[in-house]
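What follows is the residue order along each chain.
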Amino acid sequence: ISTFAFSAHLFAEENKYDLMLNSGTVSTSENVQVSVQPGEIFAGYYFRYVQFFEIPSTEEKEKMKSGGLNLLMYLPNYTYMAAVSSSFDAGKLSAYNVRSVISILPEYKMSQAFAKGIIPPHAMVGSDKMDVTIIYYSMLNSEEVKAEAMKNNEVLYENKIANIIKLRIPVGDLTKLASMPFVSTIEPIEEPNVPDEVLNQSQHRTNTLYNNFTGARQYNGTNVDVMLQDDGVIVPHIDYTGRITHF
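Conventions and cut-offs
- Residues numbered from 1 in each chain as written.
- Predicted model: local features only at pLDDT ≥ 70, side-chain atom pairs only at ≥ 80, totals over all residues.
- Heavy atoms only, no water.
- Helix = DSSP H or I, 4+ residues; strand = E, 2+ residues; numbered from the N terminus.
- Polar contact = N/O pair within 3.5 Å; in protein donor to acceptor, adjacent residues only side chain to side chain.
- Contact = heavy atoms within 4.5 Å.
- Buried < 20%, exposed > 50% of the residue type's maximum accessible area, 1.4 Å probe, protein only.
- Pairing = 2+ DSSP bridges.
- Phe/Tyr/Trp six-rings, centres within 6.5 Å; stacked < 30°, edge-to-face > 60°.

Quick notes on unusual backbone geometry
Working step 1: Looking along the chain, the bond that leaves Pro76 and enters Asn77 is cis, with omega of 5°.
Working step 2: Turning to its location among the elements, Asn77 is positioned in the loop between β4 (69–75) and β5 (79–85).
Working step 3: Residue Asn163 is not a glycine yet carries a positive backbone phi of 60°.
Working step 4: Following the sequence through the fold, Asn163 ends up in the loop between β9 (154–159) and β10 (164–170).

Regarding the side chain of Asn153
Working step 1: Checked against the element boundaries, Asn153 lands in the loop between α4 (142–149) and β9.
Working step 2: Of the polar contacts made by the side chain of Asn153, one reaches the backbone oxygen of Ala149; its length is 2.8 Å.
Working step 3: When residues no more than four places from it in sequence are discounted, the contact partners of Asn153 are Leu167, Arg168, Ile169, Pro170 and Leu177.

Things to note about the pairing of β5
Working step 1: Within β5, seven of the seven residues are buried, which leaves it mostly tucked inside the rest of the structure.
Working step 2: Side chains Thr79, Met81, Ala83 and Ser85 of β5 all project onto a buried face; the interleaved residues Tyr80, Ala82 and Val84 project onto the opposite face, where all are buried too.
Working step 3: The pairing of β4 with β5 spans six bridges and is classified as antiparallel. What sits directly across from Leu69, in β5, is Val84.

Points about the packing of aromatic side chains
Working step 1: Under the defined criterion, the tally for this structure stands at nine aromatic pairs.
Working step 2: Centroid distance Phe47 to Tyr137: 4.0 Å. Interplanar angle 5°. Geometry classified as stacked. Linking Phe47 in strand β3 (residues 45–52) with Tyr137 in the loop between β8 (129–136) and α4, this pair joins segments that are 90 residues apart in sequence. Of the two residues, Phe47 and Tyr137, neither departs from the other in class, the shared state being buried.
Working step 3: Taken together, the ring pairs connect Tyr17, Phe53 and Tyr78 into an aromatic cluster.

Limitation: the analysis is restricted to geometry and does not speak to function.
Put into structure tokens, the structure is as follows:
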């Protein structure tokens with residue numbers, strides 16, 4: 001039993017720093033050497049996965065940020081997406097308790113399907129085009145990103161608040177787009193929305209309000225107005241289309 005427990009502990013330690021991405025799990029090793037190519041810099045930043053021996057505190061994160069190392073989003077295990085200023089002194093990495101600086105390969109940014117070379121049928125447009133959604137890094141200027149993203153591609157939709165751009169691209173350009181430094185993640189466009197259209201009075205406990213059996217009420221909503229409030233524009237929602245007046 002003790003041998004098994006030791007082996008399990010050793011296995012857990014060996015996998016403690018595995019990087020778990022949508023595209024799969026990546027084994028990492030200790031490495032704080034940084035090499036940056038000119039094409040990797042966008043708007044004064046290059047982007048890396050930065051892994052720590054232990055999760056840094058809020059104070060430590062602020063110190064790194066002031067020095068040009070911006071930790072953006074956590075990734076298991078012990079890792080952050082990071083925007084690194086082109087003027088950052090990589091010699092400080094060890095002092096920040098950094099275990100590894102990982103170059104972000106195109107496949108690391110992809111959904112699991114894309115990483116396996118699978119293009120879902122709903123994302124295909126004809127035989128040579130496909131629709132994708134990219135998320136870009138939050139500190140970047142949306143107009144600069146859009147200008148780069150739309151080169152040889154068609155912009156279908158943009159959400160500056162969520163840092164999202166939906167694009168129609170040539171099928172053969174998926175890896176090329178994923179290689180762009182401003183791309184954080186890339187995935188197939190979502191499947192078309194389908195309205196619920198579930199007409200079930202019993203499920204909604206309205207079976208006695210409007211029905212033809214004896215004793216049932218005839219409350220069918222005639223001459224009744226309903227107000228629905230939301231914190232955004234709800235007209236484009238497929239279940240509301242043609243059914244509401246938006247003020």
